[in-house]
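Letter by letter, the chains look like this.
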Amino acid sequence: SAVISQKPSRDICQRGTSLTIQCQVDSQVTMMFWYRQQPGQSLTLIATANQGSEATYESGFVIDKFPISRPNLTFSTLTVSNMSPEDSSIYLCSVVFVGQGPSDTQYFGPGTRLTVL
Amino acid sequence: LAKTTQPISMDSYEGQEVNITCSHNNIATNDYITWYQQFPSQGPRFIIQGYKTKVTNEVASLFIPADRKSSTLSLPRVSLSDTAVYYCLVRGSGNTGKLIFGQGTTLQVKP
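Just so it is clear, the structure is predicted and the values come from calculations on it, not from any experiment.

Novice: In this structure, what is going on with the overall build of chain B? I would like to understand it.
Specialist: A count of helical and extended segments in chain B gives zero helices and nine strands. The helix and strand sequence of chain B, counted from the amino end, reads β-β-β-β-β-β-β-β-β. Radius of gyration (C-alpha) of chain B: 13 Å, near the 13 Å computed for a compact globule of 111 residues. Its C-alpha atoms put chain B at 45 × 30 × 20 Å along the principal axes. Taken across its 111 residues, chain B has 46% of its residues classed as buried. Considering only intrachain contacts with a sequence separation of at least 6, the fraction spanning at least 24 residues in chain B is 55%. Accessible surface computed for chain B: about 5,500 Å², of which carbon and sulfur atoms make up 50%. Chain B carries 10 positive and 7 negative side-chain charges, and their two centres are separated by 9 Å.

Novice: What's the story with the interface of chain B and chain A in this structure? I'm lost.
Specialist: Accessible area lost when the parts come together is the quantity often used to give the size of an interface. Facing 19 residues of chain B, the contacting portion of chain A comprises 22 residues. When chain B packs against chain A, the two sides together hide about 1,600 Å² of surface, and 48% of this comes from carbon and sulfur. Across the chain B-chain A interface, the total number found is zero salt bridges. Applying the counting rule to chain B against chain A returns five residue pairs in polar contact (both at pLDDT 80 or more). Looking at the side of chain B that touches chain A, the elements with two or more residues in it are strand S3 (33–38) and strand S4 (45–50) of chain B. Here the side of chain B that touches chain A is built from residues that sort into seven nonpolar, 10 polar and two charged.

Novice: Could you clarify how one ought to interpret the nonpolar core in this entry?
Specialist: In a soluble, globular protein the nonpolar side chains are often hidden away together inside. Core analysis: the largest hydrophobic core is formed by 26 residues, its most contacted members being A:Trp34, A:Ile46, A:Phe66, A:Ile68, A:Leu78, A:Tyr91 and A:Leu114. Mapped by element, the contributors of at least two residues to this core are strand S3 (19–25), strand S4 (29–37), strand S5 (43–49), strand S8 (75–80), strand S9 (89–97) and strand S11 (112–116) of chain A. Among residues more than four places away in sequence, those in contact with A:Tyr91 are A:Gln6, A:Ile21, A:Tyr35, A:Arg36, A:Ile46, A:Phe66, A:Leu78, A:Val80, A:Gly111, A:Thr112 and A:Leu114. With 20 residues, the next largest nonpolar core counts B:Trp35, B:Ala84, B:Cys88 and B:Val109 among its residues.

Novice: Could you clarify how one ought to interpret the side chain of A:Gln6 in this entry?
Specialist: Residues and elements named next belong to chain A. For Gln6, the location among the structural elements is in strand S1 (residues 4–7). Side-chain polar atoms of Gln6 contact the backbone oxygen of Tyr91, separated by 2.9 Å. A polar contact of 3.1 Å, which involves the side chain of Gln6, links it to the backbone nitrogen of Cys93. Those residues within four positions of Gln6 in sequence are excluded, and the remaining contacts are Ile21, Gln22, Trp34, Tyr91, Leu92, Cys93, Gly109, Pro110, Gly111 and Thr112.

What counts, and at which threshold
Residues numbered from 1 in each chain as written. Chains lettered and ligands numbered in written order. Predicted model: local features only at pLDDT ≥ 70, side-chain atom pairs only at ≥ 80, totals over all residues. Heavy atoms only, no water. Helix = DSSP H or I, 4+ residues; strand = E, 2+ residues; numbered from the N terminus. Rg over C-alpha atoms; globule rule 2.2 N^0.38 Å. Buried < 20%, exposed > 50% of the residue type's maximum accessible area, 1.4 Å probe, protein only. Contact = heavy atoms within 4.5 Å. Areas by Shrake-Rupley, 256 points an atom, 1.4 Å probe, with all protein chains shown as cover. Lys, Arg positive; Asp, Glu negative; His and termini not counted. Charge placed at Lys NZ, Arg CZ, Asp CG, Glu CD. Buried area = accessible area lost by both parts, 1.4 Å probe. Salt bridge = Lys/Arg side-chain N within 4 Å of Asp/Glu carboxyl O. Polar contact = N/O pair within 3.5 Å; in protein donor to acceptor, adjacent residues only side chain to side chain. Nonpolar A, V, L, I, M, F, W, Y, C, P; charged D, E, K, R; others polar. Core = buried A, V, L, I, M, F, W, Y, C linked by side-chain atoms within 4.5 Å.

This is how it looks when you write it as structure tokens:
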């Protein structure tokens, strides 16, 4: 089965700094998404990463804070900018693989645990 | 977007069958029903997905009545390792592929 990897798996950062999280898939995907899961909470969709164009952000999330790139069919990055302790969360990417048909099942990466001091 | 409602928590014992019911009254015609399992500090793991009637795989069964306004995830003979949060989701309308997660059901399996 296909592998979804995220780097780093965890990090501890100082407030005011930025962190870029990578999501790499070993086969082509049609759609890629970024989610956030705050401590003890459910997952919240941040944005849809669009290949070759600007990401589509959900309400409450903006490009200046969470810039996203998706240069090809297998790779995306999410940057958490100017971090504050409130950004401490697990960040997850999810993908829909090519050829899945109408069901569009999403598969999730292992997540990146971010702690901001 | 179709909202889902499921119990916040459930307890069970090893070897028992567990049924978790989810309601999704506003499900759209083209929506699929998907269940995920999540262990602490891990990404959600896809369990099963269905559109209508019954779907079974090596892990679970999914029962969907004709009106599709609810669904039941059935886990046969649970073990301690099945202790996790289980999310019922309906794919967002408009075919954007977005998933809206509710709070999920925390299943605690006891020895």
